[in-house]
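# Breakdown of the fold
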Amino acid sequence: MHTSPSDGQIPLTQRPQWQALTAHASAFAARQLRELFAEDPERGQRLHAEGAGLYLDYSKQRVDDDTLRLLLELADACSLRERTAAMFAGAHINRTEDRPALHVALRMPKDSQLEVDGVDVVTQVHAVLERMAAFADRVRNGQWTGHGGKRIRNVVSIGIGGSDLGPVMAYEALRAFSARDLHFAFVSNVDGTDFSEAVRGLDAAETLFIVCSKTFTTLETLTNAHAAREWCLRGLGNDEDGNDQAGKDGAVAKHFVAVSTNAEGVRDFGIDTDNMFGFWDWVGGRYSMDSAIGLSTMIAIGPDHFREMLAGFHAMDTHFRDTPHARNLPVLMALIALWNNNFLGAETVAVLPYAQYLKRFPAYLQQLTMESNGKSVTLDGQRVDYQTGPVYWGEPGTNGQHSFYQLIHQGTRLVPCDFIGFCEPLSPLHEQHDLLMANLFAQGEALAFGKTEDDVRAEGVAETLVPHKTFEGNHPSSTILSQRLDPRTLGALVALYEHAVFVQGVIWNIDSFDQWGVELGKVLAKQTASELEAKSQPDLRHDSSTNALIRRYRQQRDAS
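These numbers come from a predicted model, not from an experiment. (Residues numbered from 1 in each chain as written. Predicted model: local features only at pLDDT ≥ 70, side-chain atom pairs only at ≥ 80, totals over all residues. Heavy atoms only, no water.)

## A few points about the overall build of the protein
For the protein, the helix and strand inventory stands at 22 helices and 13 strands. By the compact-globule yardstick of 24 Å for 560 residues, the protein fits well, its C-alpha radius of gyration being 26 Å. Referenced to the eigenvectors of the C-alpha coordinate spread, the extents of the protein come out at roughly 80 × 60 × 60 Å. Across the 560 residues that make up the protein, the buried fraction comes to 54%. Once local pairs closer than 6 in sequence are excluded, the contacts in the protein between residues at least 24 apart make up 73%. Measuring between centres, the 51 positive side-chain charges of the protein sit 3 Å from its 72 negative side-chain charges. (Helix = DSSP H or I, 4+ residues; strand = E, 2+ residues; numbered from the N terminus. Rg over C-alpha atoms; globule rule 2.2 N^0.38 Å. Buried < 20%, exposed > 50% of the residue type's maximum accessible area, 1.4 Å probe, protein only. Contact = heavy atoms within 4.5 Å. Lys, Arg positive; Asp, Glu negative; His and termini not counted. Charge placed at Lys NZ, Arg CZ, Asp CG, Glu CD.)

As structure tokens, then:
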């Protein structure tokens, strides 16, 4: 099934709904959050939405009822309902690669059915999940042993991009639910330091590597995988009786499994293809943490908790697909972020989880949001005349308060914030959790309402210090609350941002599911690597700067 939703459509900035928002933004620019709350005492109770176990308070965003109405009208004009239905139906909405973007199929219940190009993909998904669960159970209960018969106690996942950021984030987020007798490490950077530090102190006989590469050709991943194989075979060396372990057939097969679709490449590496877990071209890397790419996650938290995470994803999928847009969490988040980006001039979004377990969540969102919507041409290849994806960044909890919050409060840039918090702590230190959440609520309040010059003077502050201690306020933020950070909640939270990215892509009329900008760097890196490795001085045909850098690097490397 193919879709051509942009054929002949009105350019975005010429749409009357966009122009109405532009006029509204001009008239709305002087409005302050202090005024909006003063005029509407129930604002904090009105401007919220709930779904899939998440509560979204967007009352501290710089919007009013007219703003929301106009944004929803823009979404309707851009055929958001129709595009959403097309995605869930498996239409080829990834137009530049002519394939579906069907990550929602990864978490559909087993009794669901969805045919894509004549194939029931749900049946395929659950076949892989069942194989993953069987393997995970064998590792967790000690039935899977290394080549020398020792139990696996270390799991090292090797990947990059979505094959790394998702598993790392999920492991850290759900560490409270993980098997504490297993050690997990993640390797992504082609910098040898990353691998060396990940395996430092580990026993090769007790270590399992998961190589995550759909094509089994990704340069960084395969480089690290070969380093791992050499380390593993060297480490196996001799057993306690002096027998040569490395020379025995099958050593690699007992210490390596693959998440890939390239059976030949996997087999050539030495991995038994019975231990290869596949996924599909309709799963983008940054949308793949709930596919076989999540094998390390399943080993860490167990198949039951992994299924709970999938249920959380699916709950948000259902909420997004079925809930009217005015109460729809991903739609509201996307439209408000678009309002901040395109009409209020904000260039970034700070994601601020008040949960140490979510310390890698902002990094995960960086790829999800910026690789998806960092585009400058429409689906029809026309240059956009508006801003697309903003920059996402952030740090957890009170750490950020002692780092970059100064700029958010009193700097010259508008930085909308997403605060994320949980009502029930996973730590036994409940009083500290109250303090943590007090900081979350206080920061949202301080950003919104600030402190006026009169407020500062009333505190008896010297007049010369009044400007320095004044806070303008009017800094927009949303707050996402949930009961506790468990597997189901994490799934819902990730799906919330996934669908918000999709909504923005629909309105901006861009392809949120390709990443050609990533591919260019890969091609150039391969060419340059051959020049760096050449025995004699290569014939360099780059620009003068790159040529000079390559020559200097080769000279100083060879002299060391």
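## Description of the pairing of strand β6 (residues 183-187)
With respect to burial, β6 is a largely interior element, four of its five residues being buried. Taken together, the five bridges between strand β5 (residues 154-158) and β6 define a ladder with parallel strand orientation. Paired with Val155 across the two strands is Phe184, which belongs to β6. For the crossover from β5 across helix α7 (residues 162-173) to β6, the handedness is right-handed. (Pairing = 2+ DSSP bridges. Right-handed = clockwise from strand over helix to strand, strands pointing away.)

## Quick notes on the side chain of Thr348
Residue position: Thr348 is located in strand β10 (residues 348-353). At 3.1 Å, the side chain of Thr348 forms a polar contact with the side chain of Trp393. Those residues in contact with Thr348 that lie beyond four places of it in its chain are Pro390, Val391, Trp393, Val415 and Pro416. (Polar contact = N/O pair within 3.5 Å; in protein donor to acceptor, adjacent residues only side chain to side chain.)

## Concerning the sheet that holds strand β8 (residues 256-259)
Strand pairing within a sheet occurs via backbone hydrogen bonds; the two strands may be parallel or antiparallel. With parallel pairing, five strands are arranged side by side in an open sheet as β6-β5-β7-β8-β9. For this open sheet the edge positions go to β6 and β9 (276-277), each flanked by a neighbour on one side alone. As judged from the five bridges shared by β5 and strand β7 (residues 207-212), these two strands associate in the parallel manner. Paired with Val156 across the two strands is Phe209, which belongs to β7. Relative to the sheet, helix α8 (residues 192-199) contacts β6 and β7, its axis offset from that of β6 by approximately 175°. Sheet strands in contact with helix α9 (residues 219-236) are β5, β6, β7 and β8, and its direction is about 160° off that of β7. (Axes fitted to C-alpha atoms, helices over the stretch in contact; angles between N-to-C directions.)

## Section: the nonpolar core
Counting 132 residues, the largest nonpolar core has Ile299, Leu358, Phe361, Leu490 and Tyr497 as the members making the most contacts within it. Counting residues per element, this core draws most heavily on helix α20 (residues 487-508), which supplies 14 residues. Non-local contacts of Tyr497, meaning those with residues more than four positions away in its chain, are made with Met333, Val351, Phe361, Leu365, Leu368, Tyr392, Asp418, Ile420 and Ile480. Formed by 27 residues, the second largest nonpolar core is a distinct cluster that contains Ala205, Val252, Val266 and Phe269. (Core = buried A, V, L, I, M, F, W, Y, C linked by side-chain atoms within 4.5 Å.)

## Topic: the packing of aromatic side chains
Applying the stated criterion to the full structure yields 25 aromatic pairs. On the numbers, 4.7 Å between centres and 50° between planes, the contact of Trp18 with Phe343 is tilted. In this pair, Trp18 is assigned in helix α1 (residues 16-28) and Phe343 in the loop between α14 (329-342) and β10, connecting sequence segments 325 residues apart. Judged on exposure class, the residue Trp18 and its partner Phe343 are both buried. Where Phe37 meets Phe449, the ring centres are 5.1 Å apart and the plane angle is 80°; that geometry is what we call edge-to-face. Here the residue Phe37 occupies a position in helix α2 (residues 33-39), and Phe449 occupies one in helix α18 (residues 430-449), the gap between them amounting to 412 residues. For Phe449, a relative accessible area of 23% gives the class partly exposed. (Phe/Tyr/Trp six-rings, centres within 6.5 Å; stacked < 30°, edge-to-face > 60°.)

## Some thoughts on the state of the cysteines
Should the sulfur atoms of two cysteines be covalently bonded, the bond is a disulfide. Across all of its chains, the model carries zero disulfides by this definition. Cysteine Cys232 remains unbridged, with the sulfur of Cys212 as its closest cysteine sulfur at 16 Å. Note on Cys232: relative accessible area 1%, which makes it buried. The structure places no disulfide on Cys423, whose sulfur is separated from the nearest cysteine sulfur, that of Cys417, by 20 Å. (Disulfide = S-S within 2.5 Å.)

## Quick word on the sheet that holds strand β2 (residues 54-57)
Within the open sheet, the six strands sit side by side as β1-β2-β13-β12-β10-β11. Their pairing is mixed. Only two strands of the sheet have a single partner each, and these edge strands are β1 (48-51) and β11 (391-393). Pairwise comparison of adjacent strand axes, ignoring direction, gives a mean angle of 15° for this sheet. Relative to strand β13 (residues 477-482), β2 runs antiparallel, the two being bridged by three bridges. For Asp57, the partnering residue across the bridge sits in β13 and is Thr479. Across the face of the sheet, α18 comes into contact with β12 (417-422) and β13 while running at roughly 155° to β12.

## A word on unusual backbone geometry
Excluding glycine, a negative phi dihedral is what most residues carry, and trans is how most peptide bonds are arranged. At Asp98, a position not held by glycine, the phi torsion is positive, near 50°. Position of Asp98 among the secondary structure elements: in the loop between α5 (80-89) and β3 (115-116). Since its relative accessible area comes to 42%, Asp98 is described here as partly exposed. The backbone of Phe216 sits at a positive phi, close to 55°, despite the residue not being glycine. Mapped onto the fold, Phe216 is located in the loop between β7 and α9. The exposure class assigned to Phe216 is buried, which follows from its relative accessible area of 6%.

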